[in-house]
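Here is how the chains run, residue by residue.
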Amino acid sequence: MAILFDSDINWDSCLQFGTRQFFKEKASIYQQGTMGDGFYFIQKGLIKVTTTTSIGKERVLNIAIPGQILGVQAMDRQPHFTTATAVNDSILYFFSCEHFQKLIKAQPSILNIFIKTVIHKMHILADKIYLDSLTPEQQLAVILLNICYEFKNYEVPLTQQDLTKCTGLTRITLYKILKQWKEEEILEIHGKKFLIKKPDELKKLLGKVLI
Amino acid sequence: MKSLRYSWQPFLKYGKKLEFIENEIVYHQGSEGKGFFYLSKGGIKITLLSHEGVERTVNYVPEGMLFGEHGARNEPYLTSAISNCQSEIYYFSDEALVMICKEHPEAACIFTNSLIYKFRILAEIIAFLNSPIEQQMAHFLLKLVSENGNFSIDQTSFARYIGTSRITVNKILNKWKNQQWIQISNRTIDILEIDRLKELRDSSAINILNLDVLMLSN
């Protein structure tokens, strides 16, 4: 997923094409199976993206953070195949397909962001096909690495509480893993941020270079 | 989704025509993206290689569709594409895409929709990962046939498509044959009882909604 910090897009001028929406913690933004008609830009908050398999198991696919776009996969006006839920109180801008057409005209480079976002998500899915049953460590590593990919500088703006909510792991499991990683100097915890010192160690944990 | 097929045809003049013989690699997983392709004639198989070296077929590209869109913007190719038979392909560079979108703004939507469609194919495989093999086979067989007409595929290739062994595929195909749901001749599988296969496909605890939208035509 492309983060918009390193792009030349001026979102302030784009936001006028969208509608501002507020979502409370745990509120559903869109549900798997419902029809799509646009995408969202996250201004504030964290969004958990999950999917339900044919046997009814929920899988966390990704966590979307401010500055990212969300829900692009249903821009083709077909049903969403994921569910997006607000992890905490969030502010989003919604752009309908029609708004998107206008946006592309006003800011042609938005197409690149779009392509990059979809391609990055495809990589996440392709990995999922093989990383079927992940251990808690691997789950956590995937999520941290995916967020790192957006920020490039290996700083993850999440609290432990956010991670608990996002992964569905218990607070104790999470605490244990993070403690171990801290001892191994894989990461540092600074207040509401994680600093990943050895991303390669996390990648090793997954058995391959993910990104 | 139907509308995707052949929708890129008006822009072929911006591409470069290439000829491939059978079993030639069009692009290789992990190599740097140099652009994307359009299948004009022939057949292309898309495969995904895991880090353990297990190869899985993720798609058979029907004629009139784009493929390798994930190689746009220098992104590494996510999959490999190999010709099934002699094929006529058009190649488009990033510059060509920019040019097409500039002169034909509607092309941007066709391209993103096509890319999203590939994204959906991956999501579809994930959705079926934990389903019984028989159910997966029913789904992917219905899909192959609806996208390509009667589809010629050997059991080993089919097994790679489902991500299982040839023996399992053989057992289930024989079972369906005995129930007279399908007929097998010369590597071609003909569906006799399409409703039975659909029933089987939909027989999970949770129905995946709108499965048919994942198919190009019905």
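Residues numbered from 1 in each chain as written. Chains lettered and ligands numbered in written order. Predicted model: local features only at pLDDT ≥ 70, side-chain atom pairs only at ≥ 80, totals over all residues.

**A word on the environment of A:F94**
Residue and element names in this part refer to chain A. Within the secondary structure layout, F94 lies in strand 8 (residues 90-96). With 18 C-beta atoms counted inside 10 Å, the residue F94 sits in the partly exposed group. Separated by 46 residues in sequence, F94 and K48 have C-alpha atoms that sit 17 Å apart. Apart from residues lying up to four places away in sequence, F94 is in contact with G18, T19, Q21, G38 and Y40. (Helix = DSSP H or I, 4+ residues; strand = E, 2+ residues; numbered from the N terminus. Buried ≥ 20, exposed ≤ 12 C-beta atoms within 10 Å, placed from the backbone. Contact = placed C-beta atoms within 7 Å.)

**Re the domain arrangement of chain B**
Accessible area lost on assembly of the parts is the figure often given for the size of an interface. Residues and elements named next belong to chain B. We note that the domain assignment places domain 1 (2-127) and domain 2 (133-214) within chain B. For domain 1 and domain 2, the distance between their C-alpha centres works out to 25 Å. Put simply, the parts of the chain that give the side of domain 1 that touches domain 2 at least two residues each are strand 5 (55-61) and helix 2 (106-127). With 4 residues, strand 5 is the single largest residue contributor to the side of domain 1 that touches domain 2. Residue composition of the side of domain 1 that touches domain 2, grouped by class: 3 nonpolar, 1 polar and 4 charged. (Domains from an automatic or database assignment. Nonpolar A, V, L, I, M, F, W, Y, C, P; charged D, E, K, R; others polar.)

**A short note on the sheet that holds strand 4 (residues 47-52) of chain A**
Residues and elements named next belong to chain A. The 4 strands are arranged 2-7-4-5 in an open sheet whose pairing can be described as antiparallel. Unpaired on one side and paired on the other, strand 2 (28-30) and strand 5 (58-64) mark the two borders of the sheet. Across the sheet, the mean angle separating the axes of adjacent strands is 30° when strand polarity is ignored. Pairing analysis gives 6 bridges linking strand 4 to strand 5, with the strands arranged antiparallel. Looking at strand 5, one finds that T50 is bridged to V60. (Pairing = 2+ DSSP bridges. Axes fitted to C-alpha atoms, helices over the stretch in contact; angles between N-to-C directions.)

**Brief notes about the sheet that holds strand 7 (residues 80-83) of chain B**
All names here are of chain B. Taken in spatial order, the 4 strands of this open sheet run 2-7-4-5, and their pairing is antiparallel. Looking at which strands have only one partner, the edges of the open sheet turn out to be strand 2 (25-27) and strand 5. Direction aside, the axes of adjacent strands within the sheet are offset by 30° on average. Pairing geometry for strand 2 and strand 7, over 2 bridges, is antiparallel. The residue bridging Y27 from the neighbouring strand is A81, located in strand 7.

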